[in-house]
Amino acid sequence: MDEYYLLTFESTHAAISTEKILKPAEVRIMPVPRFISASCGISIRISPDRRVQAEQIFREQSKLTVDDYTYYHVKRDKESGETDCRQIEHIV
Amino acid sequence: MRLDAGGKQCPIPVIMAKKELEAGEQDVEIIVDGQTQIDNLVRLGDTLGRPASYEALGDKFLVKFANGETKVGASGAESDTYAVFFNSNAIGTNNSELGGNLAKMAIFTLSESDKIPSYVLFMNEGVKLVTGVEPQIVENLETLIEKGSKVLVCGTCLNFYGIKDELKVGTVSNMYDILGAMQEVSKVIKL
């Protein structure tokens, strides 16, 4: 099972600047998965064990508002390809 | 025949050995300074069907090629194989921050793909992608190597940028192997 948290963005600039501040949490960037649509094609993947750290950095340093991004929890069965993707609450 | 390439930099030892091997010479051995040259010669031997072994010779090394028939132009292109070529550390030239992120995502996407490239090739500033500045790229290339891709990195370029010791993934390579890879596959995608 592949499990991760995912940030998608309204603008590419927001994605790039967020990736920069979240680097200490060893986040990974990836194209927005096909099962989600977002304005910008860059998404940021957060591993479950770095979620708390990533959210804390985001709270302290990000200037984005809730309209600028969407937050998801994704679980994907690697073998069947079955994906459970839920939008979760913004980081506040 | 013993060739002396002591003190000679890449790619001179490969050029010297290749010439003799392709001429069908037997008992070919060559003196070189270090591991990079040995690795290049071993790959040359594999490509030409004349596997190489090596031993220490004082403070240098002696690389010996097996006798036999040399395979010239042996590698035919299999249909549908491809290589990806990075000659810059970004996709496109206009904004390196965006371009760097695009390169990172491209390598991620390749690593997740069912149809992996036969080769991922890095030349010029492209070699900066494999020095561990971006741990994600190293991880994704390791995944590709596990799945069967070969990652070749231009040694001349690592040397030029002074980052040879920072290489984190892939094989230090040369113009012969990188162009050989391009000639072997059915298409080369430059990103």
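None of these values were measured; they are calculated from a predicted model.

### Re the confidence of the model for chain A
Of the residues in chain A, 98% have a pLDDT of 70 or more, and the chain-wide mean is 91. Mean pLDDT values over the elements of chain A span from 91, in strand 5 (residues 83-88) of chain A, up to 96, in helix 2 (residues 51-61) of chain A.

### A closer look at the side chain of B:Asp177
Residues and elements named next belong to chain B. Along the chain, the position of Asp 177 falls in helix 6 (residues 175-184). There is a polar contact of 2.6 Å between the side chain of Asp 177 and the side chain of Arg 43. With near-sequence residues (within four places) excluded, Asp 177 lies in contact with Arg 43 and Leu 152.

### Side note on helix 2 (residues 35-47) of chain B
All names here are of chain B. Taking 1.5 Å per residue, 13 residues should reach 18 Å; helix 2 reaches 18 Å between its end C-alpha atoms and fits that length. Among all positions of helix 2, only Gln 37, Ile 38, Asn 40, Leu 41, Arg 43, Leu 44 and Gly 45 are buried. In the core, the buried residues of helix 2 are packed alongside helix 1 (12-22), strand 2 (29-32), strand 3 (52-57), strand 4 (60-65), strand 8 (171-173) and helix 6. At the exit of helix 2 stands Gly 49, carrying a positive phi of roughly 70 degrees.

### A few points about the sheet that holds strand 2 (residues 28-31) of chain A
Two pairing modes exist for strands in a sheet, parallel and antiparallel, and in both the strands are linked by backbone hydrogen bonds. Residue and element names in this part refer to chain A. Across the sheet, which stays open at both edges, the 5 strands sit in the order 2-3-1-4-5 with antiparallel pairing between neighbours. Only two strands of the sheet have a single neighbouring strand rather than two, namely strand 2 and strand 5. Ignoring which end each strand starts from, the neighbouring axes of this sheet average 30 degrees apart.

### Section: unusual backbone geometry
Residue and element names in this part refer to chain B. Despite not being glycine, Asp 27 shows a phi value in the positive range, around 50 degrees. Along the chain, Asp 27 turns up in the loop between helix 1 and strand 2. A positive phi is found at Asn 124, a non-glycine position, where the angle reads about 45 degrees. Along the chain, Asn 124 turns up in the loop between strand 6 (119-122) and helix 4 (135-147).

### What to know about the state of the cysteines
Residue and element names in this part refer to chain B. Enumeration over the complete set of coordinates arrives at 1 disulfide over all chains. Sulfur-sulfur distance for the disulfide between Cys 154 and Cys 157 comes to 2.2 Å. Judged by the torsion about the S-S bond (75 degrees), the Cys 154/Cys 157 disulfide is right-handed. A single burial state applies to Cys 154 and to Cys 157, both of which are buried.

### Points about the nonpolar core
All names here are of chain B. In terms of nonpolar packing, the biggest core is built from 33 residues, with Phe 86, Leu 121, Phe 122, Val 127, Leu 141 and Val 153 touching the most fellow members. Elements that contribute at least two residues to this core include exactly strand 5 (82-86), helix 3 (96-112), strand 6, helix 4, strand 7 (150-154), helix 5 (155-160) and helix 6. Sorting elements by how many residues they give to this core places strand 5 first, with 5 residues. Residues within four places of Leu 121 in sequence aside, it is in contact with Ala 83, Val 84, Phe 85, Phe 86, Leu 152, Ile 178, Ala 181 and Met 182.

### Re the packing of aromatic side chains
Summed over all chains, the structure comprises 5 aromatic pairs over all chains. With centroids separated by 6.4 Å and ring planes inclined at 75 degrees, the aromatic side chains of B:Tyr54 and B:Phe61 adopt a geometry described as edge-to-face. Owing to a relative accessible area of 42%, B:Tyr54 belongs among the partly exposed residues under this scheme. Lying across the ring of A:Tyr4, A:Arg45 places its NZ or CZ 4.0 Å from the centre. The side chain of B:Lys128 reaches across the aromatic face of B:Tyr161, ending 4.5 Å from its centre.

Each value, and the rule that gives it
- Residues numbered from 1 in each chain as written.
- Chains lettered and ligands numbered in written order.
- Predicted model: local features only at pLDDT ≥ 70, side-chain atom pairs only at ≥ 80, totals over all residues.
- Heavy atoms only, no water.
- pLDDT = per-residue confidence, 0-100.
- Helix = DSSP H or I, 4+ residues; strand = E, 2+ residues; numbered from the N terminus.
- Polar contact = N/O pair within 3.5 Å; in protein donor to acceptor, adjacent residues only side chain to side chain.
- Contact = heavy atoms within 4.5 Å.
- Expected span 1.5 Å × (residues − 1).
- Buried < 20%, exposed > 50% of the residue type's maximum accessible area, 1.4 Å probe, protein only.
- Pairing = 2+ DSSP bridges.
- Axes fitted to C-alpha atoms, helices over the stretch in contact; angles between N-to-C directions.
- Disulfide = S-S within 2.5 Å.
- Core = buried A, V, L, I, M, F, W, Y, C linked by side-chain atoms within 4.5 Å.
- Phe/Tyr/Trp six-rings, centres within 6.5 Å; stacked < 30°, edge-to-face > 60°.
- Lys NZ or Arg CZ within 6 Å of the ring centre and 35° of its normal.

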